Amino acid sequence: MCGIVGYIGHREAYPIVLKGLKRLEYRGYDSAGIALYDGEKIKLSKTKGKVADLEERLEKEISTNGTIAIGHTRWATHGVPNDVNSHPHYSNSGDLVIIHNGIIENYDSLRKELEKRGYTFTSDTDTEVLVNLIEDVQINEKVKLGKAVQIALNQTIGAYAIAVFDIKKPNEIVVARLGSPLAIGIGEDEFFIASDASPFIEYTNNAIYLEDGEMAVVRRGKEIKIRKIKNDRKVAPYIQELQLNLEQIEKGGYDHFMMKEIYEQPDAISDTYRGRMLAAEGIIKMAGVDDNLAKLLNAKRIIIIACGTSWHAGLVAEYIFEELVRLPVEVEYASEFRYRNPVIHQDDVVIAISQSGETADTMAAIKMAKEQGAFVFGVCNVVGSSISRETHAGAYTHAGPEIGVASTKAFTTQITVLALIALKLAERKGTISNSEFYSYLQELERIPAKVKKALTYNDQIIPIAKAYKDAKNFLYLGRGFNFPVALEGALKLKEISYIHAEGYPAAEMKHGPIALIDEHMPVVVIATKKGHYDKVVSNIQEIKSRKGKIIGIVTEGDVTVRELADHVIEIPETEEFLMPLLSTIPLQLLSYHIAVLLDKNVDQPRNLAKSVTVE
Ligand code: F6R
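Residues numbered from 1 in each chain as written. Predicted model: local features only at pLDDT ≥ 70, side-chain atom pairs only at ≥ 80, totals over all residues. Heavy atoms only, no water.

Asker: Any chance you could break down the domain arrangement of the chain for me, citing the residues and the numbers?
Answerer: Each assigned domain of the chain is listed with its residue range as follows: domain 1 (3-248), domain 2 (251-455) and domain 3 (458-597). Just the C-alpha atoms count here: the centres of domain 1 and domain 2 sit 34 Å apart. Listed as interface residues are 11 residues of domain 1 and, on the opposing side, 9 residues of domain 2. Summed over both sides, the interface between domain 1 and domain 2 buries roughly 920 Å², with carbon and sulfur atoms accounting for 45% of that surface. The interface formed by domain 1 and domain 2 contains 1 salt bridge. (Domains from an automatic or database assignment. Contact = heavy atoms within 4.5 Å. Buried area = accessible area lost by both parts, 1.4 Å probe. Salt bridge = Lys/Arg side-chain N within 4 Å of Asp/Glu carboxyl O.)

Following this line, the structure appears as structure tokens:
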């Protein structure tokens, strides 16, 4: 987590780095800081709080002229969020200044060693240890900064994306990455450094994504030099053209990114299948799938690994693959999977799902599955992300940047990609008939319009949010394909409104959670026509007779649940396996409105960050 930004070139660095930090704030927002060299000395300012707090402080504190600067927005790991622990950090001499995203796991022993040699520390961070280790190497070995960084990093265990410069040589910034992302934007005689490309998108379309274990020295007006940290081998820079545009990373008239992203879902879903699905002709073309068709068709089992919302998409996929392809599927939390001793066979296919493509646990689980001989297929949103590069093959979701910390369009587009893969395999294996295949593709093509329709019920959701915003607990119930949606609905509410919520399979209620139900408990029940409707209606009766407040998510025209429930929110009818793409929409909107009514920070909920690059 944490966002890092840097600039070296001919422009004023401060506004570039500050704006960049705002764009990277989704990665962490406990504290922020900037170090700027004004031609004579470093001006460093940092503060607990958000980038806006830093901006206010900076404008009061320092003049901001200078053409080299680095900045950081933090998600605390070592040391509480306070001014002292904020980045950038100085070395003891005051010459080196560093920003860091990641964790140096052996920082404690390194710190003790450095203390023995007279170094002192003002913060509790692993980063301050690293910058002093670099300084110690530089002094003892009498080497240039790049070499000192390399030697120091070879003594560390952990993960990092760093940028460091020396005020005695303010013409270069040294960067390095292992386990945390780092992109370098290449302009005319200028370089931009950032955790992703969003901070420099208006300045250049050319970027290098450093690979794990690489470092680079960027010098004003010179060519970039990239090396392997371990063995010093030179690496030829691979410059990619970015496909991102500015509009995609701005709010576009919405109050929050989350709402913008909820409303983007019709387009995001059609972008996901565009060019891949020709519904009228009955064709699904997906390079990652087509090139590995034999592997996928011969798989004896699919293991899905993911975290959070992506894990919920994986659960939906389990139902879809089992229903359409008749393949056994296991869905695993990446964080558990990586530390178990899972049985993986050569003919297993592992599917890793990750919006950011940077989640540390998912990444580690992928590496483990590969070591054990499995074929690993990635479903990522961020193009060029670490997971998309680590997997053997994959399919992007093409949802566009998701900036709100609560995942919305990533979820629905992940399900769309996974449904496409399942449909392709099902057609090839003959586990669905030709006519089913055609009609399913046509229904998938109708989904964006149906999501649009589901969004038109937004105004009916606001009064429901008002009625229950002060509830202390919520239950979310669903069965079959809608069970993972219940889990996802509960997660959305928890993370942005801080109201405790639990998702359950509706029938499990009587095995415990029913004890929670009284007149104060709102229960959101997904009761769509094709999803075990009659059984869910019985579950609703059970809640009603215990005075629970029922918010039913129903298919248009429903009569039975309308009579029983306190409130209903309609969604259009669709095939059962595609229903999660619609039933999740009112749950996203309900959480959003409750959080707004409670005056919570919807896009940056407390304690969270968009990409979890620490385990
Ligand atoms: C919840 C949310 C998280 C992520 C999880 C995995 O709204 O966003 O639960 O889904 O951290 O992240 P990715 O998909 O980037 O691997």
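Next comes the rest of the description.
Asker: Please provide a residue-by-residue account of the nonpolar core, values included.
Answerer: Ranked by size, the top nonpolar core spans 94 residues in total, and within it Phe321, Leu324, Ile351, Leu423, Phe474 and Tyr476 carry the most contacts. Counting residues per element, this core draws most heavily on helix α14 (residues 409-429), which supplies 11 residues. Per-domain counts for this core show at least three residues from each of domain 2 (251-455) and domain 3 (458-597). Not counting residues within four places of it along the chain, the set of residues in contact with Phe321 comprises Ile302, Arg326, Leu327, Val329, Ile351, Leu418, Ile421, Ala422 and Leu425. By size, the runner-up hydrophobic cluster in this structure holds 29 residues, among which are Val17, Ala183, Ala194 and Leu242. (Core = buried A, V, L, I, M, F, W, Y, C linked by side-chain atoms within 4.5 Å. Buried < 20%, exposed > 50% of the residue type's maximum accessible area, 1.4 Å probe, protein only. Helix = DSSP H or I, 4+ residues; strand = E, 2+ residues; numbered from the N terminus.)

Asker: Can you tell me about the packing of helix α10 (residues 308-324) against α14, naming the residues and giving the values?
Answerer: Packed helices, taken two at a time, are described by their axes: the angle between them and the distance between them. In the contact formed by α10 and α14, the axes pass within 9 Å of each other and the chain directions differ by 20°. Comparing the axis directions of α10 and α14 gives the class roughly parallel. As for the relative orientation of α10 and α14, their crossing is right-handed in sense. In this structure, α10 contributes Thr309, Ser310, His312, Ala313, Val316, Ala317, Ile320, Phe321 and Leu324 to the contact, and α14 contributes Phe411, Gln414, Ile415, Leu418, Ala419, Ile421, Ala422, Leu423, Leu425 and Ala426. Taken together, the residues of the contact of α10 with α14 break down into 15 nonpolar, 4 polar and no charged. (Axes fitted to C-alpha atoms, helices over the stretch in contact; angles between N-to-C directions. Parallel < 35°, antiparallel > 145°, perpendicular 65-115°, else oblique. Left-handed = near helix turned anticlockwise from the far one by under 90°. Nonpolar A, V, L, I, M, F, W, Y, C, P; charged D, E, K, R; others polar.)

Asker: Tell me about the environment of Val51, and name the residues and values.
Answerer: As for its placement among the helices and strands, Val51 is situated in helix α2 (residues 51-61). Those residues in contact with Val51 that sit more than four places away from it in its chain are Leu18, Leu21, Lys22, Glu25, Ala32 and Thr73.

Asker: Give me the lowdown on the packing of aromatic side chains, citing residues and values where you can.
Answerer: Across all of its chains, the model carries 9 aromatic pairs by this definition. Plain terms: the ring middles of Tyr7 and Phe192 are 5.1 Å apart, the flat faces sit at 55° to each other, and that makes the pair tilted. Note that Tyr7 is positioned in strand β1 (residues 3-8) and Phe192 in strand β10 (residues 191-194), a separation of 185 residues in sequence. The same class applies to Tyr7 and to Phe192, which are both buried. Measuring from centroid to centroid gives 3.9 Å for Trp311 and Tyr333, while their planes differ by 15°, and the two rings are stacked. With Trp311 in helix α10 and Tyr333 in strand β19 (residues 329-333), the pair connects residues that are 22 residues apart, well separated along the chain. Assessed through its relative accessible area of 12%, Trp311 is described here as buried. (Phe/Tyr/Trp six-rings, centres within 6.5 Å; stacked < 30°, edge-to-face > 60°.)

Asker: Explain the side chain of Thr413 to me, using residue names and the numbers behind them.
Answerer: Secondary-structure assignment places Thr413 in helix α14. For Thr413, the side chain forms a polar contact with the main-chain oxygen of Lys409, separated by 2.7 Å. With sequence-adjacent residues up to four places away left out, Thr413 is seen in contact with Ala268, Ile269, Thr272, Thr397 and Ala399. (Polar contact = N/O pair within 3.5 Å; in protein donor to acceptor, adjacent residues only side chain to side chain.)

Asker: Outline the pattern of salt bridges, supporting the account with residue identities and numerical values.
Answerer: The full count for this structure, using the stated rule, is 38 salt bridges. Between Lys260 and Glu264 there is a salt bridge, and its shortest N-O distance comes to 3.3 Å. In this structure, Lys260 and Glu264 share a single accessibility class: buried. Here Asp348 and Arg301 are joined by a salt bridge, their closest N and O atoms 2.6 Å apart. Note that Asp348 is positioned in strand β20 (residues 348-354) and Arg301 in strand β18 (residues 301-306), a separation of 47 residues in sequence. On the accessibility criterion, Arg301 (14% relative accessible area) is buried. When salt bridges with common partners are traced through the structure, they connect Glu113, Lys116, Arg117 and Asp136 into a single cluster.

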